[in-house]
Structures are given as C-alpha cells and as structure tokens.
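An overview of the molecular structure
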Amino acid sequence: MDISADQPIFVISVAAELADMHPQTLRQYDRLGIVKPSRAPGKSRRYSQRDVNMLREVQRLSQEGVSLEGIKRILELENQVAALQSRISELTEELARRPRAVDSRIFAAGAAGDVVSLSRGQRPRPRSQAVMLWRPRAIGK
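Right, let's walk through the structure included here. (Residues numbered from 1 in each chain as written. Predicted model: local features only at pLDDT ≥ 70, side-chain atom pairs only at ≥ 80, totals over all residues. Heavy atoms only, no water.)

Focus: the overall build of the protein
- The helix and strand tally for the protein stands at four helices and four strands.
- The linear arrangement of helices and strands in the protein, starting from the amino end, is α-α-β-β-α-α-β-β.
- Counting all 141 residues of the protein, 18% fall into the buried class.
- When the accessible area of the protein is evaluated, it comes to approximately 11400 Å², of which 53% is carbon and sulfur surface. (Helix = DSSP H or I, 4+ residues; strand = E, 2+ residues; numbered from the N terminus. Buried < 20%, exposed > 50% of the residue type's maximum accessible area, 1.4 Å probe, protein only. Areas by Shrake-Rupley, 256 points an atom, 1.4 Å probe, with all protein chains shown as cover.)

This is the structure:
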C-alpha cells in the first residue's frame, strides 16, 4: 500500500513531533497561512508528509533569520515556480505531439497587410489590383 506525500494522515501532535516543533507553532503557522493543513470532518488539522517537509523548511528559514512574512512570500514564489515548471512541461509535451507539417510553415504579411501561410522558399504574391498613386507635394505648402 503506497501512501501519497499529499495524504493528510498526521494529527497536529504527530506532525509537530516530526517537524521538531511545538503544536502551538503549527497552529500559528496555520493562522498566518504559511502551512495550510487539511481539515478532518471534526475540524481537526491533518498534516501530510509534504506539510511536515514544509514545516521543516519554514523552521530552517526562520533559524536563518527570515521573518514569517518573508517565509510566506518565499513559499508563495516557490509554489508559483513549481506551477510554471509544470505548465512548461505540459506545453513541451503538447509541442512534441504536434505534427511536423506545422514546423515547415512560415507566416508572413501579405500585400494587403493580412497574415498568409507559406511553404519554405515561397514569397507572398503581390496584390495585382494594387494601384499606387503618388503625387509630389510642393515644399512650403
């Protein structure tokens, strides 16, 4: 039986012991939104292994002199980076699944200013009905 790192299985006293903290510290971190445990039906907190790892990271940063507000911001930025890396992976996989024919197409501006799709080595056709009128302007008028 595999237990996921996100499975909320630890009550607050066990999570506090695993993170080498006092349970009141975990409650404070929850109130501040630094570590957000799941809630059991009776409203009691349940911590996952990922939460415990995050508590250890919070403790490390705190011991290095980072304020709680700074720690919260660091964790938010780390979550954003993880989400962006995940999105990059998704987009990279999507690009890999696309047919190669798309790679050989070129887009250019047509004579009318519209976007046209071309094959390699091809040029947009000139607009045959385009009439250019040019009248020199007198200087000073």
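What about the side chain of D51?
- Among the secondary structure elements, D51 is positioned in helix α3 (residues 49-63).
- Buried and unpaired, D51 has no salt bridge, with R50 as the nearest side chain of opposite charge at 7.0 Å.
- Not counting the four nearest positions on each side in its chain, D51 is found in contact with V35, K36, P37 and R46. (Lys, Arg positive; Asp, Glu negative; His and termini not counted. Salt bridge = Lys/Arg side-chain N within 4 Å of Asp/Glu carboxyl O. Contact = heavy atoms within 4.5 Å.)

Quick look at the nonpolar core
- Residues L26, I34, Y47, L55 and V58 are the most contacted members of the largest nonpolar core, which totals 17 residues.
- Elements supplying a minimum of two residues to this core: α1 (12-18), α2 (23-32), α3 and α4 (68-97).
- A total of four residues in this core trace back to one element, the largest contributor, which is α3.
- Those residues in contact with Y47 that sit more than four places away from it in its chain are Q7, P8, I9, F10, V11, I12, A15, L26, V35, P37 and L55. (Core = buried A, V, L, I, M, F, W, Y, C linked by side-chain atoms within 4.5 Å.)

Quick word on α2
- Looking only at α2, the buried set comprises L26, Y29 and D30. Along the axis of α2, the buried residues cluster in a sector spanning 100°; they form a single face.
- Buried residues belonging to α2 abut α1, β1 (38-39), β2 (45-46), α3 and α4.
- Downstream of α2 by a residue or two, G33 has a phi angle that is positive, lying close to 80°. (Arc of directions from axis to C-beta.)

Describing α3
- When the terminal C-alpha atoms of α3 are compared, their 21 Å separation across 15 residues agrees well with the 21 Å that a helix rising 1.5 Å per residue should span.
- Taken together, the buried positions of α3 are D51, V52, L55, V58 and L61.
- In this structure, the buried side of α3 is in contact with α1, α2, β2 and α4.
- Just downstream of α3 lies G65, where phi reads positive at about 100°. (Expected span 1.5 Å × (residues − 1).)

Some thoughts on unusual backbone geometry
- One non-glycine residue, D20, adopts positive backbone phi at about 60°.
- As for its position among the elements, D20 is in the loop between α1 and α2.
- At K43, a position not held by glycine, the phi torsion is positive, near 75°.
- Inspection of the secondary structure assignment puts K43 in the loop between β1 and β2.
- K43 gets classed as exposed once you look at its relative accessible area, which sits at 63%.

Observations concerning the pattern of salt bridges
- For the structure shown, the criterion picks out six salt bridges.
- Two residues, E57 and R60, come together in a salt bridge whose shortest N-O distance is 2.6 Å. Within this pair, E57 and its partner R60 are both found in helix α3, separated by three residues, close to a single helical turn.
- With relative accessibility at 23%, the residue E57 sits in the partly exposed group.
- Here the salt bridges do not stand alone but share partners, grouping D30, R39 and R45 into one network.

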